[in-house]
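# Examining the three-dimensional arrangement
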Amino acid sequence: MKTAVLLLVAAGTAKRDEDLHALAARTRTEHRPAVARSAARAAKASRLLADHGHLLPPDLREKGQDLLNEHEFRLHAALDSANPGPALAAIEKREAGYLKAFRKLGGEGAVSKARKLPKDEERTKLRATREVLFEATGIDAEEPVWGAPFRALEGLFRAGHPVSSLAEREAPMEALGVSAKFFEDGTALTKRYHVALQPPCDCWTFGRDAVIKQAKIVAKSLKAPPLVDAWLDSIEADDARKLPSVGFGVSVEDGACKLYVLNYGGHELPPLPLVDALPRTARKQDRASSVMVSVEWKFGDMKTQQMRQYAVEAASGDVSVARQTQDERFAGDELVAALDGAFGVGQSEDIAVTAPFQYDKATTPPVVAAPLAKSGLKLKRQDGNIDSNAETDAKLAALLKAPGADAWLARSRVVRHALSNVQFGEGFVTLYRHPTVFGFVDPSSAPQHLALRNALAKNTRATRRRLDETRSSSGYLDDVTHCDEAIELFLDRAVWGANELDSTCKRDSDLAANAGTCPISCQDDVACLVVACSDCALVDVACDEAIDTAAYPELARHVGGDVDSYDDLDIEDVPAGKIVRLPCGDSGLFNTMNLWGPDGCKYPYYGFMPVDTLCDECSSMYAAREAVLDGLWDGPCNEDDPPGDDDSLTLPSNYPGCGCDCADFLRRDLSCTSESCVNVAQAYAASNTVCAGDKLRWDTTSSSTGCETYGAGSPLTGSACLDAAGAVPNATCYRTPAAISEPGFPWPWPDVCYHMQRDAALGRRASALALVGAIVMMV
């Protein structure tokens, strides 16, 4: 059934792409470039949805398909209209908004990472639950000490979700591993497990701050020695490097605790204190790949610790090296040979360890190596399967002849990982069920999908940067503006539903009972966006000029495919001289809401345009007027019944036509004089910078001729609210059932919007809203 659905989607995609490309060939010559561009963008979006749509929650996957259908409809309608030029321009603006969001989500880099993620619908539903932990290890997650690592894992995946959802375990099974150590005398250590707070892959993450916060909580619960805190502090401070894999392991019976740090993806380990003092393993001399280091201590001993290094051979099938190493250490390789014959050896590893030592930043004595203690083997997958297998487990138990191993193998099978490692030492053997493949992310789980987006995007939303308006010495923008952050947070709330403790807008707007209405939670989020971006609050906009790789050679690696201009780049990669910080204004609100607002929170169902303009400067208001009139089907100024409206819902009287908000907006005084600059980019661009783009232009060099000034003859066209002369008559208009502009609208308080405060003002001037305490403050 699943294959059939995919084939149908692929067939529909191919037919749509064929139709749009054929449409470009039949279009009038002057419009062919615009139609061809739209057809190419739609084709790429169709391929992305077909290839990676399984990584989206079902409702968003369906919405993506609807958007593609709507795009095709709009393109045909534009060409059938009396004046295709403005209609095609409106479509291009909408496409630009989607492209910007695509880049914010990681762009081509995210697509490359997504291709590497495994596909297995069954495994995406596996969860590391408290019941699984208890069945496999006998450890209660509520146990104050030994349950701490597991609770930290839960804390990451539960962050932002109501207490009522505690029964819904959201951590994936790949975050949990179990092991058991069997001794010759018949005793065993079976209450052992480890968790990965950050996995060794670009598949899910909650960001450096969240991971280290939970790790420090675990360290405190396990009474970790000072070196553990020093390592975590080092990882926290080293935000220029890739966040390494971070995890904890515990062994209850002998009180052993470990902090693991693993590099992956070719990235080096962070500069951890004393890591260079680690003794070398038998064969591995570099720490750039396949290296894991750890600090080990006994619970309650907050002074003494050991360090370990685990080296894994880069080449597979190296049993001869493992047998040689085993023979050197333990005078015999019969078991290694037997394991290789029965199961096959994937890779060999060996472990070096320091003698116990006490750590003090000022007086730490020299760290010395302890005798080599153990080595191990990574077992090959049986029949290529990563799942636990009773037959394979039984063969291993018979081969090892370790008392209690067969019972543990049966009990631990609940974690679903096949046996991954076998380690040997004097008089003991240790078995591991560790995950070996990562990235089985369930898109229907909001926390998992948030973690996936964090991993695929260049930066995680979990880590909020300090928001000031400084620039680095390299000439690149250091930080984002408050309004940009507010827009990003609005997407988190309204589109992704990432944090239901913060907002339930996504959940509420998806309810069938709320069709055609804007839920109160969403009204609050819209209001928060409005207030955050009021008072001429600034946003960053990149120049749409072609990238000059001679002037910026470091950008050459980005150019290619769909990336050829500065606005195709992630904003953090754009040189400061090609970015302008200008007011978001009403045009920014208009574009954000029409692209990303819930359907019931847009016109004609809900009026999101406030009574007061978001920026009362001439250039911003002039740009807003153009944006609103260019909206075509979107917003309060639409001319015809737009695609996407549900005709089964109750629509306002006099709709479609002129919206009253549009008429009120067009009657506003522009605050312009004959000397006023109407190019908002020119008015706000930094001195001695130039942008010669198609849509965005400025020149603030000494050779500049100045700014285009306001002219009373500038015509207004393109709205049902305007007569033939461009005037706004007192015509009958439609009113939305609810609106943010209604008298007595309950504007939210700052703690409702962002739960935190910041020191700097949101805009350049004081607002009347500040007098009533409604200014939104953000960090």
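Everything numeric in this text was worked out from a predicted model, so none of it was measured.

About the thresholds
- Residues numbered from 1 in each chain as written.
- Predicted model: local features only at pLDDT ≥ 70, side-chain atom pairs only at ≥ 80, totals over all residues.
- Heavy atoms only, no water.
- Buried < 20%, exposed > 50% of the residue type's maximum accessible area, 1.4 Å probe, protein only.
- Helix = DSSP H or I, 4+ residues; strand = E, 2+ residues; numbered from the N terminus.
- Pairing = 2+ DSSP bridges.
- Salt bridge = Lys/Arg side-chain N within 4 Å of Asp/Glu carboxyl O.
- Disulfide = S-S within 2.5 Å.
- Contact = heavy atoms within 4.5 Å.
- Axes fitted to C-alpha atoms, helices over the stretch in contact; angles between N-to-C directions.
- Parallel < 35°, antiparallel > 145°, perpendicular 65-115°, else oblique.
- Nonpolar A, V, L, I, M, F, W, Y, C, P; charged D, E, K, R; others polar.
- Expected span 1.5 Å × (residues − 1).

Attention now moves to the pairing of strand S1 (residues 176–183). For S1, a buried count of 7 out of 8 residues is recorded, marking the element as mostly surrounded by other parts of the structure. The pairing of S1 with strand S2 (residues 188–198) spans 6 bridges and is classified as antiparallel. Pairing of Ser 179 across the sheet is with Arg 192, part of S2. Pairing of S1 with strand S11 (residues 428–433), which is carried by 6 bridges, proceeds in the antiparallel orientation. Each bridged residue has a counterpart across the sheet, and for Ala 180 the counterpart in S11 is Leu 431.

Attention shifts here to the environment of His 482. Following the sequence through the fold, His 482 ends up in helix H16 (residues 482–496). Given the relative accessible area of 10%, His 482 is considered buried.

This model, assessed by the stated rule, comprises 33 salt bridges. A salt bridge links Glu 154 to Arg 130; the shortest N-O distance between them is 2.8 Å. Here Arg 130 lies in helix H7 (residues 130–137) and Glu 154 lies in helix H8 (residues 148–158), a separation of 24 residues in the sequence. For the pair shown, Glu 154 and Arg 130 are each scored as buried. The residue Glu 296 makes a salt bridge to Arg 308 at a minimum N-O spacing of 2.4 Å.

Scanning all chains against the criterion turns up 10 disulfides. The disulfide partner of Cys 505 is Cys 522, and the S-S distance across this bridge is 2.1 Å. On the S-S bond that ties Cys 505 to Cys 522, the torsion sits near 105 degrees, and the link is right-handed. Here Cys 522 lies in helix H18 (residues 520–532) and Cys 505 lies in helix H17 (residues 505–510), a separation of 17 residues in the sequence. Of the two residues examined, Cys 505 and Cys 522, each falls in the buried class.

Note that Ser 521 resides in helix H18. With residues up to four places along the chain from it excluded, the contact list for Ser 521 reads Thr 504, Cys 505 and Asp 508.

Across the interface, helix H19 (residues 585–596) lies against helix H20 (residues 618–629) with an axial gap of 6 Å and an inter-helix angle of 30 degrees. The angle between H19 and H20 falls in the class roughly parallel. From H19, Gly 585, Asp 586, Ser 587 and Phe 590 reach across to H20, where they touch Ser 620, Ala 623, Ala 624, Ala 627 and Val 628. By residue class, the composition of the contact of H19 with H20 is 5 nonpolar, 3 polar and 1 charged.

Turning our attention to H18. For H18, built from 13 residues, the straight-helix expectation of 18 Å at 1.5 Å per residue is met to within 8% by its first-to-last C-alpha distance of 18 Å. Within H18, 11 of the 13 residues are buried, which leaves the element mostly enclosed by the surrounding structure. Buried within H18 are the following residues: Ser 521, Cys 522, Gln 523, Asp 525, Val 526, Ala 527, Cys 528, Leu 529, Val 530, Val 531 and Ala 532.

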